[in-house]
Amino acid sequence: MKIYNTLSRRKEEFVPLKENEVSMYVCGPTVYNYIHIGNARPMIVFDTVRRYFEYKGYKVNYVSNFTDVDDKIIAKANEEGVSSSEISERFIKEARKDMADLGVREATVHPKATEEIDGMIEMIKTLIEKGHAYEKNGTVYFRTRSFKDYGKLSKKNIDELEAGHRDESHALKVSGEDEKEDPLDFVLWKPKKEGEPYWESPWSKGRPGWHIECSVMSKKYLGDEIDIHAGGEDLIFPHHENEIAQSEAANGKQFARYWMHNGFLNIDNKKMSKSAGNFFTVREIGEKYPLMVIRFFMLSGHYRGPINFSEELIKAASNGLARIRTAVERLDDLYKKAVSAELTDAEKETVDEAERMSKAFDAAMDDDFNTADAITAVFELVKLANTKVDENSSKELIEVVKGTIDVLLDVLGIDVEEEKEMLDEEIENLIAQRTAARKERNFKRADEIRDELLSKGIILEDTRDGVKWKRA
Ligand code: AMP
Ligand code: ZN
């Protein structure tokens, strides 16, 4: 199996630290709002990586955190006049719901930064003892130049960084810059400001920096050395570069052997982000499309490339998924009616073809998780099912073809048999038909439509301004 390693900038054969086991850490979201579909991309991509490892027989220890202490969470809490933990707990719950709807399986552990503060204090103490960190007025900084490999992941040159930093801090007068030994040093611990959540520490009442959180959570749940560390490509610098510096300086071992990064989900060729305001939440999209369509859309492109979000591409994904669903349902129907029999020669050939397509799927996934080509193999299987399986096929043949499709869809986390939620468009269509029926005084038909909608959880209300509807 080959994985593109950001550390070496090439595809490498995957060799796990422990035979048949994979330890994997994926940086999770900062929880101050609903997750947007950009945040959903790493979740879907790395959940699929995990599923593929499991299909290949590996035991995967999969850790993904929630960043639940952060300036943005505090700002949101102040805005609403509630505590930070109320905000983070609320949005962790909402994120988990979205993840489940996207087919993202629960991690082995989902640590929360605020529950791991002791470990962070310990690692910071070690870094100070080893001369990699220092305290100034209650703030602890990492001494960046003390880590000789700094820049090895992002391929940044430390002197160029330094020059850039100097210009920036002159221009912006970044607070705290003057107390650092070096502008490149970054924060490990900072004192609280008025009204902020805080923890006791040897240096000040305060809270950890973002980077130290992941170094510590990864160490606690996976050990000093792990197989894979992953996240979106915006995390390469400074987040992952700083994690490497902290972990390797503290533990004296290589932190992660493979670094995987997904490309951006863009809108109009710009990265979707909360700060730019050009985002759709998973929840919003879920009102228009079943979220399986979003998962299928994400996996239709290679995880390292950018993907541009557009209504047309989502519609295309929706159609593709429907094609698979129809084929699977047809196989189910045929299976019910089929009888058991020995495979004919022609059927044996179909079984061989299915086997070849399944191998093509594996070959695509073995090549740095090329889900786009893997999906092509699934479509080949669908075509095979539609052309080579019919009323005369044996139960045995249908079992093989359907079984192969099921297994591969499960690796991709695509569930085509889930109950379809009604789309806004379908609802509006039915309401229009009902209005037309009433105009023609066909009240029986109008009531039928009302009942049909009700059975799908859609409640109609006849108002003076026309028909309004809501989901139960
Ligand atoms: P954040 O909540 O911003 O820390 O992001 C959580 C995860 O989502 C990180 O792995 C980010 O790299 C990733 N992410 C954020 N925005 C995008 C985007 N537009 N496309 C792909 N990944 C993203
Ligand atoms: Zn992280």
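Parameters at a glance
- Residues numbered from 1 in each chain as written.
- Chains lettered and ligands numbered in written order.
- Predicted model: local features only at pLDDT ≥ 70, side-chain atom pairs only at ≥ 80, totals over all residues.
- Heavy atoms only, no water.
- Helix = DSSP H or I, 4+ residues; strand = E, 2+ residues; numbered from the N terminus.
- Buried < 20%, exposed > 50% of the residue type's maximum accessible area, 1.4 Å probe, protein only.
- Contact = heavy atoms within 4.5 Å.
- Areas by Shrake-Rupley, 256 points an atom, 1.4 Å probe, with all protein chains shown as cover.
- Lys, Arg positive; Asp, Glu negative; His and termini not counted.
- Charge placed at Lys NZ, Arg CZ, Asp CG, Glu CD.
- Axes fitted to C-alpha atoms, helices over the stretch in contact; angles between N-to-C directions.
- Parallel < 35°, antiparallel > 145°, perpendicular 65-115°, else oblique.
- Left-handed = near helix turned anticlockwise from the far one by under 90°.
- Nonpolar A, V, L, I, M, F, W, Y, C, P; charged D, E, K, R; others polar.
- Salt bridge = Lys/Arg side-chain N within 4 Å of Asp/Glu carboxyl O.
- Domains from an automatic or database assignment.

The secondary structure content of the protein chain amounts to 15 helices and 15 strands. For the protein chain, the C-alpha atoms occupy an extent of roughly 75 × 65 × 35 Å along the three principal directions. Buried positions account for 50% of the 472 residues belonging to the protein chain. Long-range contacts, defined as pairs at least 24 residues apart, comprise 76% of the intrachain contacts of the protein chain with a sequence gap of at least 6. Roughly 22,700 Å² of accessible area belongs to the protein chain as shown, and the carbon and sulfur atoms make up 48% of that amount. The positive charge centre, built from 72 side chains, and the negative charge centre, built from 91, are 2 Å apart in the protein chain.

Relative to the assigned elements, M123 resides in helix α4 (residues 117-129). For the pair M123 and E213, spaced 90 residues apart in the sequence, the C-alpha separation amounts to 9.9 Å. The contacts of M123, once residues within four sequence positions are left out, are I212, S215, V216, K219, A250 and N251.

Relative to each other, helix α10 (residues 311-337) and helix α13 (residues 395-412) sit at 150°, their axes nearing to 10 Å. By the angle between their directions, the pair α10 and α13 is classed as roughly antiparallel. Of the two elements, α10 crosses α13, and the hand of that crossing is left-handed. Contact with α10, carried on its side by I324, V328, L331, D332, L334, Y335 and K336, involves K395, I398, E399, V401, K402, I405 and L409 of α13 and no other residues of that element. Split into classes, the residues belonging to the contact of α10 with α13 amount to 9 nonpolar, no polar and 5 charged.

The topology assignment puts E12 in strand β2 (residues 10-13). Salt bridges are absent for the buried E12, whose nearest opposite-charge side chain, R10, sits at 4.6 Å. Discounting residues that sit within four places of it in the chain, E12 has contacts with M1, K2, I3, N5 and Y258.

With domains assigned, the protein chain is organised as domain 1 (2-262), domain 2 (313-412) and domain 3 (424-471). When each unit is reduced to the centre of its C-alpha atoms, the spacing between domain 2 and domain 3 is 38 Å.

Their axes nearest at 9 Å, the elements helix α11 (residues 345-366) and α13 cross at an angle of 10°. Classified by the interaxial angle, the pair formed by α11 and α13 is roughly parallel. Each of E347, T350, V351, A354, S358, F361 and M365 in α11 lies in contact with α13, whose residues at this interface are L397, V400, V401, T404, L408, V411 and L412. Of the residues belonging to the contact of α11 with α13, the class tally is 10 nonpolar, 3 polar and 1 charged.

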